[in-house]
Number of protein chains: 2
Amino acid sequence: MRRMHKENNLTKNQQIIFDLIDKSPEPLKAYSILFNVQKKGIKAPLQVYRALDKLVEMGKIHKIESRNAFIACQNSSCQVSKATAFSICEMCEKITEISSSSLSKYLANFKDKDGMKYSKYNLEFFGLCKKCR
Amino acid sequence: MRRMHKENNLTKNQQIIFDLIDKSPEPLKAYSILFNVQKKGIKAPLQVYRALDKLVEMGKIHKIESRNAFIACQNSSCQVSKATAFSICEMCEKITEISSSSLSKYLANFKDKDGMKYSKYNLEFFGLCKKCR
DNA sequence: CTTATATATGTTATATTATTACATATTGTT
DNA sequence: AACAATATGTAATAATATAACATATATAAG
Ligand SMILES: [Zn+2]
Ligand SMILES: [Zn+2]
Ligand SMILES: [Zn+2]
Ligand SMILES: [Zn+2]
C-alpha cells in the first residue's frame with residue numbers, strides 16, 4: 001500500500017502531518033495540528049506526537065523548544081546533524097531557521113572547559129525581525 | 001517587613017524558591033518545586049510560576065527549555081544579557097551552564113542574512129558528559 | 001500619616017502539552 | 001506461511017502552564 005522507512009519515505013500519518021507543517025507559514029503546535037488533521041482521520045494526540053517524534057528524528061521538522069511548536073526544516077543538512085539554529089521575533093513570533101556555515105562550524109568546533117565537543121545543539125536567537133524593528 | 005525590587009532583593013516566595021533551586025545539584029521542574037515548598041506555605045502552581053518568571057527576568061535562574069526545568073545562574077553576567085548556553089548530558093541529564101567569553105562574543109556578534117544581531121539567545125548543547133563517555 | 005499606585009500573594013478553576021497502557025494492523029523478511 | 005519490527009487506533013491520565021479574581025503589602029507622593 002505504501003513504502004516504508006528503508007527508502008526513507010513517510011508513513012500515512014507522518015505524511016499528512018508533515019504536509020501540514022511544511023505548507024504552514026508559521027510553526028504549528030501539536031494540538032493545532034491535531035485539530036487540522038481530524039478530517040483526515042487522525043483523532044488522538046498520541047497519533048500526532050508519534051508522527052512528530054519520527055519526523056524530528058528524521059530531521060524533516062524541528063521543535064522550537066521555547067515555543068512548543070514545530071517547523072519544517074528549511075535546510076538540507078539537518079537530517080544528519082541535529083544541529084539547529086533559529087531566529088525568533090519576540091513581537092510577531094516570526095521564526096526562521098538560520099543556515100550559516102560559519103555559525104555551524106563555530107558551534108560544531110566549540111570545546112567546553114573539559115575539551116568536550118558537541119555535534120548536536122539547538123540555538124534560539126531572540127530579537128525583532130525586519131518588519132517589527 | 002522586607003525590601004523590594006529597588007534594591008533588587010527577593011520577595012518571600014521568590015527567596016524560598018530561589019534558595020531551593022540554588023542549592024539543588026540539578027535543574028528542578030515547577031511541580032517538583034511546588035511539592036518541595038508546600039511546607040513553607042506555597043500551595044499553588046501559580047505561586048511557583050510567578051516566582052520563576054520573576055527570577056528568570058532578573059537572571060537569577062534560567063529555564064532549560066528542552067527540559068522544562070530551572071537552574072540557578074552559575075555566571076555573573078546573565079542578569080544583564082539573557083544570553084545563555086548550556087551543555088546537557090543525554091545519558092545522565094547533568095546540565096552545566098557554559099561561561100565562555102569567546103562563545104558569548106561570537107554569538108553576540110553573529111549577524112544573520114539580514115545583518116541582524118541578537119543580544120538575547122539560548123543555546124543548548126547535547127552530548128555525553130565526562131562520566132558517561 | 002494618608003492616599004494612591006504598583007507589585008506581590010492567595011485561591012480556584014481551567015487550559016495546554018505530553019505520555020502510559022494496551023489492543024490491533026501493516027510492513028518487510030525469512 | 002510465519003515471524004519480527006514498525007505503525008496505528010483508542011482511552012485514560014499525567015505533566016506543564018495560565019486565566020480570573022480577590023486580597024495584601026510595599027514604595028512614593030502629598
Ligand atoms: Zn533544519
Ligand atoms: Zn516581527
Ligand atoms: Zn547564567
Ligand atoms: Zn552524563
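Predicted, not measured: the structure shown is a model, and the values here were computed from it. (Residues numbered from 1 in each chain as written. Chains lettered and ligands numbered in written order. Predicted model: local features only at pLDDT ≥ 70, side-chain atom pairs only at ≥ 80, totals over all residues. Heavy atoms only, no water.)

Novice: How should I be thinking about the interface of chain A and chain B in this particular structure?
Specialist: By a widespread convention, an interface's size corresponds to the accessible area lost as its parts come together. Counting residues at the interface gives 27 residues for chain A and 27 residues for chain B. The largest per-residue losses of area from chain A upon contact with chain B belong to Tyr106, Tyr118 and Phe125 of chain A, which jointly make up 21% of the total buried on that side. At the junction of chain A and chain B, the tally comes to 4 salt bridges. Across the salt bridge formed by glutamate 90 of chain B and lysine 120 of chain A, the nearest N and O atoms sit 2.6 Å from each other. Viewed at the interface, chain B and chain A are joined by 10 residue pairs in polar contact (both at pLDDT 80 or more). Counting only elements with at least two residues in the side of chain A that touches chain B, the list comes to α5 (101–109) and β5 (120–127) of chain A. In terms of residue count, the dominant contributor to the side of chain A that touches chain B is β5 of chain A (8 residues). Grouping the constituent residues of the side of chain A that touches chain B by class yields 12 nonpolar, 7 polar and 8 charged. Relative to strand β5 (residues 120–127) of chain B, β5 of chain A runs antiparallel, the two being bridged by 7 bridges. Its bridge partner lying in β5 of chain B, leucine 123 of chain A is registered against leucine 123 of chain B. (Contact = heavy atoms within 4.5 Å. Buried area = accessible area lost by both parts, 1.4 Å probe. Salt bridge = Lys/Arg side-chain N within 4 Å of Asp/Glu carboxyl O. Polar contact = N/O pair within 3.5 Å; in protein donor to acceptor, adjacent residues only side chain to side chain. Helix = DSSP H or I, 4+ residues; strand = E, 2+ residues; numbered from the N terminus. Nonpolar A, V, L, I, M, F, W, Y, C, P; charged D, E, K, R; others polar. Pairing = 2+ DSSP bridges.)

Novice: For this particular structure, what's the right way to read the coordination of the zinc ion (ligand 2)?
Specialist: For a metal with four tetrahedral donors the ideal donor-metal-donor angle is 109.5 degrees, while six octahedral donors give ideal angles of 90 or 180 degrees. All names here are of chain A. The protein atoms that coordinate the zinc ion (ligand 2) are Cys89 (SG), Cys92 (SG), Cys129 (SG) and Cys132 (SG), at distances spanning 2.2 to 2.4 Å. The coordination sphere of the zinc ion (ligand 2) comprises 4 donor atoms, whose angles at the metal cover 106 to 113°; the geometry is tetrahedral. Motif for the zinc ion (ligand 2), donor spacing along one chain: C-x2-C-x36-C-x2-C. Of this pair, cysteine 89 sits in strand β3 (residues 83–89) while cysteine 129 is found in the segment after β5, placing the two residues 40 residues apart along the sequence. The pair formed by cysteine 89 and cysteine 129 is uniform in burial state, with each residue classed as buried. (Donors = N, O, S within 2.8 Å, 3.2 Å for Na, K, Ca; no water. Tetrahedral: all angles 85-135°; square planar, octahedral: opposite > 155°, others 65-115°. Buried < 20%, exposed > 50% of the residue type's maximum accessible area, 1.4 Å probe, protein only.)

Novice: Got a minute to help me understand the pattern of salt bridges in this structure?
Specialist: Close approach of charged atoms lets side chains of opposite charge pair. All names here are of chain A. Per the counting criterion, the structure on display carries 6 salt bridges over all chains. Among the ionic pairs, arginine 67 bridges to glutamate 93, the shortest N-O distance being 2.7 Å. Taken together, the residues span a long stretch of sequence, with arginine 67 in the loop between β1 (61–64) and β2 (69–72) and glutamate 93 in the loop between β3 and β4 (95–97) at a distance of 26 residues.

Novice: Teacher, can you tell me more about the pairing of strand β2 (residues 69–72) of chain B here?
Specialist: Every other side chain in a regular strand lies on the same face of the sheet, so the side chains alternate between the two faces. Residues and elements named next belong to chain B. Taking every second residue as pointing to the same face, both faces of β2 are buried, with Ala69 and Ile71 on one and Phe70 and Ala72 on the other. Relative to β2, strand β1 (residues 61–64) runs antiparallel, the two sharing 4 bridges. Each residue of the ladder has a partner; that of isoleucine 61, found in β2, is alanine 72. Joining the antiparallel neighbours β1 and β2 is a turn of 4 residues, in which asparagine 68 adopts a positive phi near 50°.

Novice: Can you help me understand the confidence of the model for chain A in this one?
Specialist: Do not read the predicted coordinates in detail wherever pLDDT is low. Averaged over all residues, the pLDDT of chain A is 92; the fraction at 70 or higher stands at 92%. A low-confidence stretch, residues 1–6 of chain A stays under pLDDT 50, and its non-local contacts, those more than four residues away or across chains, total 6 contacts. (pLDDT = per-residue confidence, 0-100.)

Novice: Help me out: how do you make sense of the nonpolar core in this one?
Specialist: Inside soluble globular proteins, nonpolar side chains tend to come together where they are buried. One finds Leu103, Leu123 and Phe125 of chain A together with Leu103, Leu123 and Phe125 of chain B to be the most contacted residues of the largest nonpolar core, which totals 22 residues. Contributions of two or more residues to this core are made by β3, α5 and β5 of chain A together with β3 (83–89), α5 (101–109) and β5 of chain B. Not counting residues within four places of it along the chain, the set of residues in contact with leucine 103 of chain B comprises Tyr106, Leu107 and Phe110 of chain A together with Ala85, Ile98, Tyr121, Leu123 and Phe125 of chain B. (Core = buried A, V, L, I, M, F, W, Y, C linked by side-chain atoms within 4.5 Å.)

Novice: Looking at this model, I keep getting lost on the packing of aromatic side chains. Mind explaining?
Specialist: Here the distance between the centres and the angle between the planes together describe a pair of aromatic rings. This model, assessed by the stated rule, comprises 9 aromatic pairs over all chains. Judged by centre distance (5.4 Å) and plane angle (10°), the ring pair of phenylalanine 110 of chain A and phenylalanine 125 of chain B falls under stacked. With phenylalanine 110 of chain A in the loop between α5 and β5 and phenylalanine 125 of chain B in strand β5, the pair connects residues from two separate chains. Pair check on accessibility: phenylalanine 110 of chain A and phenylalanine 125 of chain B agree, each one buried. (Phe/Tyr/Trp six-rings, centres within 6.5 Å; stacked < 30°, edge-to-face > 60°.)

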